[in-house]
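Structural characterization, general
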Amino acid sequence: MSKDIIIETEAKIGERVKDIVAAIAGRNHVAFDAPMGAGKTTLIGAICREMGVEDDVNSPTFSIINEYRAGDGRSIYHFDFYRIENESQGFELGLEDYFESGSLCLMEWPENVESLLPDDTLYIRIRVGADESRIVTITE
């Protein structure tokens, strides 16, 4: 089952993020599939703000993992697997421990660790429309 959410402009992301957070509810593993520059980190930042994160949300391209604290005190892990060259590097990061922690795991470039992702991973695909809008497809 999939659902599309259209985000007309970056300024309107706040209006649409509630629907995305509602789709994530009850899930711990969310993979974001999108080309470079499509807005993965921007969308993850909006999701985190909606969940009460007060820290700056930025891409963990070099650190690979950022941890944020949601408004309810729950940990949120933000992964950027762009620099992961093979799945064994992901395994060495201890991904299984993060995935089994019960915390929300938001993952950019999940295709670089595809076989390590839990079976219950929710996929969010971002496509850029002709008018620069973003089409967000949520697939269970």
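The model shown is predicted, which means the values in this text are computed figures rather than measured ones.

Attention now goes to the overall build of the chain. Counting its secondary structure elements, the chain contains 4 helices and 7 strands. Along the chain, helices and strands appear, N-terminal first, in the series β-α-β-α-β-β-α-α-β-β-β. Over its C-alpha atoms the chain spans a radius of gyration of 14 Å, differing by no more than 12% from the 14 Å that the globule rule assigns to 140 residues. Referenced to the eigenvectors of the C-alpha coordinate spread, the extents of the chain come out at roughly 40 × 35 × 30 Å. For the chain, long-range pairs separated by at least 24 residues make up 58% of all intrachain contacts whose partners lie at least 6 apart in sequence. Per element, the accessible surface of the chain, about 7400 Å² overall, is 46% carbon and sulfur. For the chain, the separation between the mean place of its 13 positive charges and that of its 27 negative charges on side chains is 7 Å.

For the coordinates displayed, the defined rule picks out 6 aromatic pairs. Ring pairs connect the aromatic residues Tyr77, Phe79, Phe81, Tyr98 and Phe99, which therefore count as one cluster.

Here the focus is the sheet that holds strand β6 (residues 122–128). Within a sheet, adjacent strands bond to each other through the backbone by hydrogen bonds, running parallel or antiparallel. With respect to topology, 7 strands assemble into an open sheet ordered β1-β7-β6-β2-β5-β4-β3, the strand pairing being mixed. Two strands in the sheet have a free side with no partner beyond their single neighbour: β1 (2–7) and β3 (65–69). Within the sheet, the average angular offset between the axes of one strand and its neighbour, ignoring direction, is 20°. Here strand β2 (residues 29–33) pairs with strand β5 (residues 104–108) via 4 bridges, running parallel. Bridging from a neighbouring strand, histidine 29 pairs with cysteine 105 of β5.

So, on to the environment of aspartate 97. Mapped onto the fold, aspartate 97 is located in helix α4 (residues 95–99). Classification of aspartate 97 as exposed rests on a relative accessible area of 58%. Along the backbone, aspartate 97 and phenylalanine 32 are 65 residues apart, and their C-alpha atoms lie at a distance of 20 Å.

So, about the confidence of the model for the chain. Summary statistics for the chain give a mean pLDDT of 94 and a share of 100% for residues scoring 70 or more. β5 holds the highest mean pLDDT among the elements of the chain, 98, whereas helix α3 (residues 87–92) holds the lowest, 90.

Turning to the pattern of salt bridges, a few remarks are in order. Opposite charge on two side chains permits pairing when their charged atoms draw close. Following the criterion strictly, the structure yields 5 salt bridges and no others. The residue arginine 16 makes a salt bridge to glutamate 8 at a minimum N-O spacing of 2.9 Å. For lysine 18, the salt bridge identified is with glutamate 50, shortest N-O distance 3.3 Å. Of this pair, lysine 18 sits in helix α1 (residues 13–24) while glutamate 50 sits in helix α2 (residues 40–50), and the two are 32 residues apart along the sequence. The network of salt bridges with common partners includes Glu8, Glu15 and Arg16.

Cut-offs applied
Residues numbered from 1 in each chain as written. Predicted model: local features only at pLDDT ≥ 70, side-chain atom pairs only at ≥ 80, totals over all residues. Heavy atoms only, no water. Helix = DSSP H or I, 4+ residues; strand = E, 2+ residues; numbered from the N terminus. Rg over C-alpha atoms; globule rule 2.2 N^0.38 Å. Contact = heavy atoms within 4.5 Å. Areas by Shrake-Rupley, 256 points an atom, 1.4 Å probe, with all protein chains shown as cover. Lys, Arg positive; Asp, Glu negative; His and termini not counted. Charge placed at Lys NZ, Arg CZ, Asp CG, Glu CD. Phe/Tyr/Trp six-rings, centres within 6.5 Å; stacked < 30°, edge-to-face > 60°. Pairing = 2+ DSSP bridges. Axes fitted to C-alpha atoms, helices over the stretch in contact; angles between N-to-C directions. Buried < 20%, exposed > 50% of the residue type's maximum accessible area, 1.4 Å probe, protein only. pLDDT = per-residue confidence, 0-100. Salt bridge = Lys/Arg side-chain N within 4 Å of Asp/Glu carboxyl O.

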